[in-house]
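Okay, here's what each chain looks like letter by letter:
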Amino acid sequence: MERHGLLSSSPFVCPPDLLSQARRARPARTAIAGAESAVALESARAAMAAGVIEPLLVGQPDRIAAMAEEISWDIADLPIFAAEDEDAAARRAVALCRDKDADALMKGQVHTDSLMRAVVNREAGLRCGRRLSHVFYMTLPDRPGAIAITDAAVNVAPDVAQRLDIARNAVTLFHALGTPCPKVAALSATEVETAAMPSSLEAAEIVRLANGGAVPGALFAGPLALDLAVSPQAASIKGIDNPVAGQADILLVPNIEAGNALYKAMVYFMSATAAGVVMGAKVPIVLTSRADPPEARLAAAALASIVARYESQTAGGKADRA
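Each value, and the rule that gives it
Residues numbered from 1 in each chain as written. Predicted model: local features only at pLDDT ≥ 70, side-chain atom pairs only at ≥ 80, totals over all residues. Heavy atoms only, no water. Helix = DSSP H or I, 4+ residues; strand = E, 2+ residues; numbered from the N terminus. Rg over C-alpha atoms; globule rule 2.2 N^0.38 Å. Buried < 20%, exposed > 50% of the residue type's maximum accessible area, 1.4 Å probe, protein only. Areas by Shrake-Rupley, 256 points an atom, 1.4 Å probe, with all protein chains shown as cover. Lys, Arg positive; Asp, Glu negative; His and termini not counted. Charge placed at Lys NZ, Arg CZ, Asp CG, Glu CD. Axes fitted to C-alpha atoms, helices over the stretch in contact; angles between N-to-C directions. Parallel < 35°, antiparallel > 145°, perpendicular 65-115°, else oblique. Left-handed = near helix turned anticlockwise from the far one by under 90°. Contact = heavy atoms within 4.5 Å. Nonpolar A, V, L, I, M, F, W, Y, C, P; charged D, E, K, R; others polar. Expected span 1.5 Å × (residues − 1). Arc of directions from axis to C-beta. Polar contact = N/O pair within 3.5 Å; in protein donor to acceptor, adjacent residues only side chain to side chain. Core = buried A, V, L, I, M, F, W, Y, C linked by side-chain atoms within 4.5 Å. Salt bridge = Lys/Arg side-chain N within 4 Å of Asp/Glu carboxyl O. Pairing = 2+ DSSP bridges. Phe/Tyr/Trp six-rings, centres within 6.5 Å; stacked < 30°, edge-to-face > 60°. Right-handed = clockwise from strand over helix to strand, strands pointing away.

## A short note on the overall build of the protein
Turning to step 1, where the next piece is worked out: When you go through the protein residue by residue, the secondary structure sums to 11 helices and 11 strands.
Turning to step 2, where the next piece is worked out: For the protein, whose C-alpha radius of gyration is 20 Å, the value lies close to the compact-globule estimate of 20 Å for 322 residues.
Turning to step 3, where the next piece is worked out: For the protein, the C-alpha atoms occupy an extent of roughly 60 × 55 × 35 Å along the three principal directions.
Turning to step 4, where the next piece is worked out: Taking all 322 residues of the protein together, the buried fraction comes to 52%.
Turning to step 5, where the next piece is worked out: Element-wise, carbon and sulfur atoms account for 52% of the exposed surface of the protein, whose accessible area totals about 14500 Å².
Turning to step 6, where the next piece is worked out: Seen as two clouds, the 30 positive and the 35 negative side-chain charges of the protein have centres 4 Å apart.

## Some points on the packing of helix α6 (residues 160-176) against helix α7 (residues 198-214)
Turning to step 1, where the next piece is worked out: Relative orientation of the contacting elements α6 and α7 amounts to 55 degrees, with a least axis distance of 10 Å. Between α6 and α7, the angle is such that the two are oblique. Both α6 and α7 take part in a crossing whose hand is right-handed. Residues V160, R163, L164 and R168 of α6 lie in contact with α7, whose contacting residues are E202, E205, I206, L209, A210 and A214.
Turning to step 2, where the next piece is worked out: Across the contact of α6 with α7, the residue classes tally to 6 nonpolar, no polar and 4 charged.

## Thoughts on helix α10 (residues 256-270)
Turning to step 1, where the next piece is worked out: In a regular helix each residue adds 1.5 Å, so 15 residues correspond to 21 Å; α10 covers 20 Å between its end C-alpha atoms and thus fits that length.
Turning to step 2, where the next piece is worked out: Buried within α10 we find I256, G259, L262, Y263, M266 and V267. Looking straight down α10, one finds that the buried residues subtend no more than 140 degrees of arc, so they occupy a single side.
Turning to step 3, where the next piece is worked out: Where α10 is buried, its residues contact β5 (133-139), β6 (147-150), α8 (226-230), β9 (250-252) and β10 (273-279).
Turning to step 4, where the next piece is worked out: Put simply, N255 is the residue that caps the front of α10, since its side-chain oxygen is 3.3 Å from the backbone nitrogen of E257.

## As for the nonpolar core
Turning to step 1, where the next piece is worked out: Core analysis: the largest hydrophobic core is formed by 60 residues, its most contacted members being L41, V52, L173 and F220.
Turning to step 2, where the next piece is worked out: If sequence neighbours within four positions are ignored, L173 has contacts with V135, Y137, V277, M279, L303 and V307.
Turning to step 3, where the next piece is worked out: Among the nonpolar cores identified, the runner-up in size contains 27 residues, and A31, A88, L115 and V283 belong to it.

## Quick notes on the pattern of salt bridges
Turning to step 1, where the next piece is worked out: What the rule picks out here adds up to 11 salt bridges.
Turning to step 2, where the next piece is worked out: Residues R45 and E42 are paired through a salt bridge, measuring 2.9 Å at the closest nitrogen-oxygen approach. Separated by 3 residues within a single helix, R45 and E42 lie in helix α2 (residues 38-49), roughly one turn from each other.
Turning to step 3, where the next piece is worked out: On the accessibility criterion, R45 (22% relative accessible area) is partly exposed.
Turning to step 4, where the next piece is worked out: Taking the relative accessible area as the measure of exposure, E42 reaches 32% and is therefore partly exposed.
Turning to step 5, where the next piece is worked out: Note that R163 is salt-bridged to E202, the shortest N-O span being 2.4 Å. One end of the pair, R163, is in helix α6; the other, E202, is in helix α7, and 39 residues separate them in sequence.
Turning to step 6, where the next piece is worked out: Overlapping salt bridges, with partners in common, bring together R26, R29 and D103 in one network.

## Details of the side chain of S114
Turning to step 1, where the next piece is worked out: In this fold, S114 is placed in helix α5 (residues 112-120).
Turning to step 2, where the next piece is worked out: Polar contacts involving the side chain of S114 include one to the side chain of D87, which spans 2.5 Å.
Turning to step 3, where the next piece is worked out: Beyond its immediate sequence surroundings of up to four residues, S114 is in contact with E86, D87 and A90.

## Examining the pairing of β6
Turning to step 1, where the next piece is worked out: The alternating pattern of β6 places I147 and I149 on one face and A148 and T150 on the opposite face, and all of these are buried.
Turning to step 2, where the next piece is worked out: As paired elements, β5 and β6 share 3 bridges and run antiparallel to each other. Across the sheet, residue M138 finds its bridge partner in β6, namely I147.
Turning to step 3, where the next piece is worked out: Here 3 bridges tie β6 to β9, and the two strands are oriented parallel to one another. Its bridge partner lying in β9, I149 is registered against L251.

## Re the packing of aromatic side chains
Turning to step 1, where the next piece is worked out: Tallied over the full model, the rule gives 2 aromatic pairs.
Turning to step 2, where the next piece is worked out: Ring geometry for F136 versus Y263: centroids 3.9 Å apart, planes at 20 degrees, classification stacked. Taken together, the residues F136 in strand β5 and Y263 in helix α10 connect sequence positions 127 residues apart.
Turning to step 3, where the next piece is worked out: When its relative accessible area of 8% is taken as the criterion, F136 is described as buried.
Turning to step 4, where the next piece is worked out: The class for Y263 is buried, based on a relative accessible area of 14%.

## Here we look at the pairing of strand β7 (residues 183-187)
Turning to step 1, where the next piece is worked out: Buried residues dominate β7, accounting for 4 of its 5 residues.
Turning to step 2, where the next piece is worked out: Pairing between β7 and strand β8 (residues 219-224): 4 bridges, direction parallel. Its bridge partner being in β8, A185 is matched across the sheet by A221.
Turning to step 3, where the next piece is worked out: Note on the crossover from β7 through α7 to β8: the handedness is right-handed.
Turning to step 4, where the next piece is worked out: Note: β7 against β9, 3 bridges, orientation parallel.

## Remarks on the side chain of K107
Turning to step 1, where the next piece is worked out: For K107, the position within the fold is in strand β4 (residues 104-107).
Turning to step 2, where the next piece is worked out: Buried K107, no salt bridge; nearest opposite-charge side chain is E86, N-O distance 8.0 Å.
Turning to step 3, where the next piece is worked out: Once you skip the residues sitting within four places of it in the chain, K107 turns out to touch A33, T112, L115, V286, L287 and T288.

Remember, this is a structural readout, not a statement about activity or role.
Here it is, written out as structure tokens:
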């Protein structure tokens, strides 16, 4: 990725601990919708080489084979599922997940709206009674830990109830990663409830409901401005004393504009690796972009693998107890 001006020149890094955790079980069978592009195949090859996925290639077989030859990847032993165009590829990849032949779904050379249209189809899609939302799992080179931003890609202007659903999905992701009680900051531009800033009132309501039992397995605080959510020093100076202030694991943003600007600022100014996954469907969904560095695409595949394993185990446990 070209860098200039104030943009960070530090290299992107796929978090080693994320890869290590993803490798603890068998690789996730991942259906790649539209596998004809170099980006899709390079992402699949890297994730397979890292031991985190088993790629199921969906698309036009001749074009997939030609592109694999162009990037010098021998795919003779990989399954290819024929689809004549991007809508068909989206439907075929979704069907593999719905029929439990795949554990995760990855966007290849298909438009996001085409893929998501297949995902949300009421008869043949991957709905499971939860709201779909996107989580960016953000890590920085040479710095420990991670922070999540949600929702910066799917839900545009969610209301209080919808943000509670979005928070539940992010909390599930952290449970999958082994954090039993993640700290969630409901963001605004102030720590005081004020009618002049509706997001502050909504954040306070989210916190009351979430801590009252609406989102179990997490601790919420808000409204909090960004500095108070992530900086213990800022929280101390302003006298904000709660377990989330300065220690947030999850940043619950008020709208897509805030989340999108925040995650891109971290990527371009700090070389953050943004591993993005859509939660709330029957399987985790990786929405890769041509603008994503390879490290982010690999991290997203690893994250989806971890989530897929966790949700499979959780579903199995619920079935056993039924």
